[in-house]
Amino acid sequence: MALFNNHHHVLLAMLIDYFDDSDHIERPRLRVARKFNARTVLSQLTDEEIRLRYRLGRTAICELYDKIKHYLEPTTKRSLPIPGISKLLGTLHFLASGSFQTTISACTGFSQPSFSKHLKFVLAGICSLAAELLKYDMDPANLAKMKSDFYSIAQMPNVIGAIDCTHVALIPPADKERFYYNRKGFHSINVQVVCDASCRILDVVSKFPGSTHDSFIFRNSHLHERLQSGEAGSGWLLGDSGYSVKPWLITPLLNPQNESEENFNSSHKATRCIIERTFGILKSRFRCLDKTGGALMYKPEKVCQIIFCCCILHNFALLHKENMEIAQDLTPQSEDVIEPNSEINQEGVLIRRQLIRDFFTGCTKMPSEKNPPITQSEFYEKDMLA
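Small disclaimer: the values here were computed from a predicted structure and weren't measured.

Peer 1: Any chance you could break down the pattern of salt bridges for me, citing the residues and the numbers?
Peer 2: Scanning the model with the defined rule gives nine salt bridges in all. Linking Arg 226 and Glu 231 is a salt bridge whose minimum nitrogen-to-oxygen distance equals 2.8 Å. The class of Glu 231 is partly exposed, set by a relative accessible area of 37%. Glu 276 is paired through a salt bridge with Arg 272; the nearest N and O atoms lie 3.2 Å apart. A residue pair is termed a helical-turn pair when its members lie 3 or 4 positions apart in one helix, as Glu 276 and Arg 272 do in helix H11 (residues 259–285) at four residues. The exposure class of Glu 276 is partly exposed, given its relative accessible area of 25%. For Arg 272, a relative accessible area of 12% puts it in the buried group.

Structure below.
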C-alpha cells in the first residue's frame, strides 16, 4: 500500500511539471494568408507576344472584353476574385494553342478547375456576338459587292459565296463513336462554312458528326432554305463535286469536253479556293481546331460551341486587320477525297450550261449596267429555246 502511494505521488509530480512547462501552453493559431499565382497582365507583354499568344492585338482584346465583360465579371464577394480579363485571356490562349487546360491554367495564373468553370461563361459571351459578327447579309447592295469581289478573282460571275466542309477532331462519346468516325479515318465534327472573297465567314453549321455527308448538312441548313426561297436573287454559291448542282449552287464539271468547259472549271477552281484559304487561316489562328493541336476532349455539344466561337473570333480579327499566315505544319485540307454527288437537278444543269456558253466561250465579259448578270429565269428560258 505504501509502495502504491509513492508511485502515485511521483506520477502526480510529473503531471504538474508537464503542465507548468511554458512550451506546452497552447497559443492562438495565426491565419495564413491565401496565396495566388501571378496572373497575366497585358501591360507586361509586348504587342508581338500578345499576338503570338492570343491571336489578337492589344486593342482588339480590350474591345472584345468591353463587349462581353458582363459575362465575365466576378460575382463572388470573396477578396481577390479572378478578374474577367484573365478569364478571357485564358480562353483565347486555349483556343489559339489547343493546349490542355492544366497547361493553360498554369500560364494564366489560376487553377485548372477554375479555368474549366469559367470557360463556359467566356464561350457564351463570345457566342452572343454572332448577330453582329457572323451574319449573311443578302441585301441587294451587299450581294452586288460580293459578286464584284468574287469576279475579280477569276472572272466567275454572280458568285455570292464559296461553300465547303472541314473536320474538327474530337474524342467521341463511347456509345456513339461510329457516328463521329469520318472518311478520313478519325473522329470529328463536320463543319460547313460559307465565306466571301476576303475570307470572312458568312455562315457556319457546326452540329453534325464526322460521318455526315457534306450535301446532307447543306440540305438541312437554314441557308439552304434561304437560297431555295430566292432570297439571294440571281446569285449562287460555288461548291465542289460533293454537292448537287442547283440554280443557286454551281459545281464543276466532272469531265470537261471542250475548251469552254475547261475554262469554266479553271475559273471555278480558282474562285472557290478562297474557302480552302479561309479554313487554313481559321485553323492556323486557332490550333485547337486542327489535328496538330490534338483532339478536343469535350462533349460534342461543347466542341460545336468552341468551333462557333472560333469562327466569330476569326471575323473579329479580320475586322481589326489582324492578318494571319497559313501555318506550314497545318493538316492539308486537300487530303479529303471528294465523292461526286449523284443527285441531278435539271434546272441547275441548264443554268450551268448557259453560264459556260455566255461567259467561258471566247472572251469573258464583266457584268455591268450595259451587260447585267443573267438571271436564273433568263438562263432557263434561253436554254429551253436553244
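Peer 1: Describe unusual backbone geometry, with residues and values.
Peer 2: Positive phi, normally seen in glycine, also occurs at Asn 158, with a value near 65°. For Asn 158, a relative accessible area of 3% gives the class buried. One non-glycine residue with positive phi stands out, namely Cys 199, at about 70°. Tracing the chain through its elements places Cys 199 in the loop between strand E2 (188–195) and strand E3 (201–209). Note on Cys 199: relative accessible area 5%, which makes it buried.

Peer 1: Kindly report on the packing of H11 against helix H13 (residues 346–359), identifying the contributing residues and their values.
Peer 2: Interhelical geometry of H11 versus H13 gives an angle of 105° and a closest axis separation of 9 Å. Put simply, H11 runs roughly perpendicular to H13. Across the interface between the two elements, Ser 260, Glu 261 and Phe 264 of H11 pack against Arg 352, Leu 355 and Ile 356 of H13. Considering only residue class, the contact of H11 with H13 consists of three nonpolar, one polar and two charged.

Peer 1: Would you mind going over the nonpolar core in detail, with residue names and values included?
Peer 2: Judged by nonpolar contacts, the single largest core of 72 residues is most densely connected at Ile 61, Leu 88 and Ile 306. The dominant element in this core, judged by the number of residues it contributes, is helix H12 (residues 300–319), at 11 residues. For Ile 61, the residues in contact, after removing those within four places along its chain, are Leu 42, Ile 50, Tyr 54, Leu 56, Ile 85, Leu 88, Leu 89 and Leu 92. In terms of nonpolar packing, the next biggest core, distinct from the first, is built from 20 residues, Met 146, Ile 160, Ile 163 and Leu 237 among them.

Peer 1: How would you sum up the pairing of strand E1 (residues 159–169)? Please name residues and give values.
Peer 2: The buried fraction of E1 is high, at 11 of 11 residues. Here E1 runs beside strand E4 (residues 236–238); their pairing, made up of three bridges, is parallel. Note that in E4 the partner of Gly 161 across the bridge is Leu 237. Inspection of the sheet shows E1 paired to E2 by eight bridges, in the antiparallel sense. Pairing of Asp 164 across the sheet is with Val 193, part of E2.

Peer 1: So, the packing of aromatic side chains: which residues are in play, and what are the values?
Peer 2: Counted under the stated rule, the structure contains five aromatic pairs. Where Phe 94 meets Tyr 298, the ring centres are 6.0 Å apart and the plane angle is 80°; that geometry is what we call edge-to-face. Remark: Tyr 298 occurs in the loop between H11 and H12 and Phe 94 occurs in helix H4 (residues 84–97); sequence separation between them is 204 residues. Phe 94 sits in the buried class, given a relative accessible area of 3%. Aromatic side chains Phe 208 and Phe 216 sit 5.9 Å apart centroid to centroid with 90° between the ring planes, which places their arrangement in the edge-to-face category. Classification of Phe 208 as buried rests on a relative accessible area of 13%. Taking relative accessible area as the criterion, Phe 216 reaches 37% and is therefore assigned partly exposed. In this structure an aromatic cluster arises from ring pairing among Phe 218, Tyr 243 and Trp 248.

What counts and how
- Residues numbered from 1 in each chain as written.
- Predicted model: local features only at pLDDT ≥ 70, side-chain atom pairs only at ≥ 80, totals over all residues.
- Heavy atoms only, no water.
- Salt bridge = Lys/Arg side-chain N within 4 Å of Asp/Glu carboxyl O.
- Buried < 20%, exposed > 50% of the residue type's maximum accessible area, 1.4 Å probe, protein only.
- Helix = DSSP H or I, 4+ residues; strand = E, 2+ residues; numbered from the N terminus.
- Axes fitted to C-alpha atoms, helices over the stretch in contact; angles between N-to-C directions.
- Parallel < 35°, antiparallel > 145°, perpendicular 65-115°, else oblique.
- Contact = heavy atoms within 4.5 Å.
- Nonpolar A, V, L, I, M, F, W, Y, C, P; charged D, E, K, R; others polar.
- Core = buried A, V, L, I, M, F, W, Y, C linked by side-chain atoms within 4.5 Å.
- Pairing = 2+ DSSP bridges.
- Phe/Tyr/Trp six-rings, centres within 6.5 Å; stacked < 30°, edge-to-face > 60°.

All we've got here are geometric facts, nothing functional implied.
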